[in-house]
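Structural characterization, general
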Amino acid sequence: MTDIEHLLRDRRLAEQAFEWVETALERRHAASAGGAVLFPSLASGILVSALEVCDSYACRCGWNITVSGRDPVRRSRLAALASRPPDEVYGAFKVLAVHDGAKLWTLRIAGTEDLGLDAVVQLLLAPVDASA
């Protein structure tokens, strides 16, 4: 399993992730109904094609994000995050859909806490060590 805990503790990545989520939500809200949303870039070769966040904090139904990419390191980070036990900071994660093609993977992951979405983004923003 990929060790992601050090990436989740990185304050700089947490701040970048928060900013990315805020920008993505602004773009999503600004798009017309049924219109396409161009989400901010995360990393080379990583594409966010969907982001759904419940706007009613009272219902606590959470969020989900669909991400595609070619980078196996980032893919394994998301798998590691999805396998974490639920906690009070990041909540619970669930993989809703996954497709692992020969060169491209797509993963749809959902969570229950706002910081869980930030955690997904942190793991995607974090650079990949060339020796990894």
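Heads up: the structure comes first, above all this text.
I will try to describe carefully the structure that is included in this document. (Residues numbered from 1 in each chain as written. Predicted model: local features only at pLDDT ≥ 70, side-chain atom pairs only at ≥ 80, totals over all residues. Heavy atoms only, no water.)

It is worth spelling out the pattern of salt bridges at this point. Enumeration over the complete set of coordinates arrives at five salt bridges. Its salt-bridge partner being Arg28, residue Glu52 comes within 3.6 Å of it at the nearest N-O pair. Linking Glu52 in strand β1 (residues 46-53) with Arg28 in helix α2 (residues 11-30), this pair joins segments that are 24 residues apart in sequence. Residues Arg84 and Asp87 are paired through a salt bridge, measuring 3.1 Å at the closest nitrogen-oxygen approach. The exposure class of Arg84 is buried, given its relative accessible area of 15%. Residues participating in the shared-partner salt-bridge network are Glu5, Arg84 and Asp87. (Salt bridge = Lys/Arg side-chain N within 4 Å of Asp/Glu carboxyl O. Helix = DSSP H or I, 4+ residues; strand = E, 2+ residues; numbered from the N terminus. Buried < 20%, exposed > 50% of the residue type's maximum accessible area, 1.4 Å probe, protein only.)

For the rest of this paragraph, the subject is the packing of aromatic side chains. Considering all chains together, one arrives at two aromatic pairs under this definition. Summarising the aromatic geometry, the rings of Trp63 and Phe93 are spaced 6.1 Å apart at their centres and angled 70° between planes, so their arrangement reads as edge-to-face. In this pair, Trp63 is assigned in strand β2 (residues 63-69) and Phe93 in strand β3 (residues 93-100), connecting sequence segments 30 residues apart. For the residue pair Trp63 and Phe93, the accessibility class agrees, reading buried in each case. (Phe/Tyr/Trp six-rings, centres within 6.5 Å; stacked < 30°, edge-to-face > 60°.)

This part covers the side chain of Arg75. Inspection of the secondary structure puts Arg75 in helix α3 (residues 72-82). By relative accessible area, Arg75 is classed as buried at 15%. Dropping the residues within four chain positions of it, Arg75 is found in contact with Val98, Asp100, Trp105 and Leu107. (Contact = heavy atoms within 4.5 Å.)

Nothing here speaks to function; it is geometry throughout.
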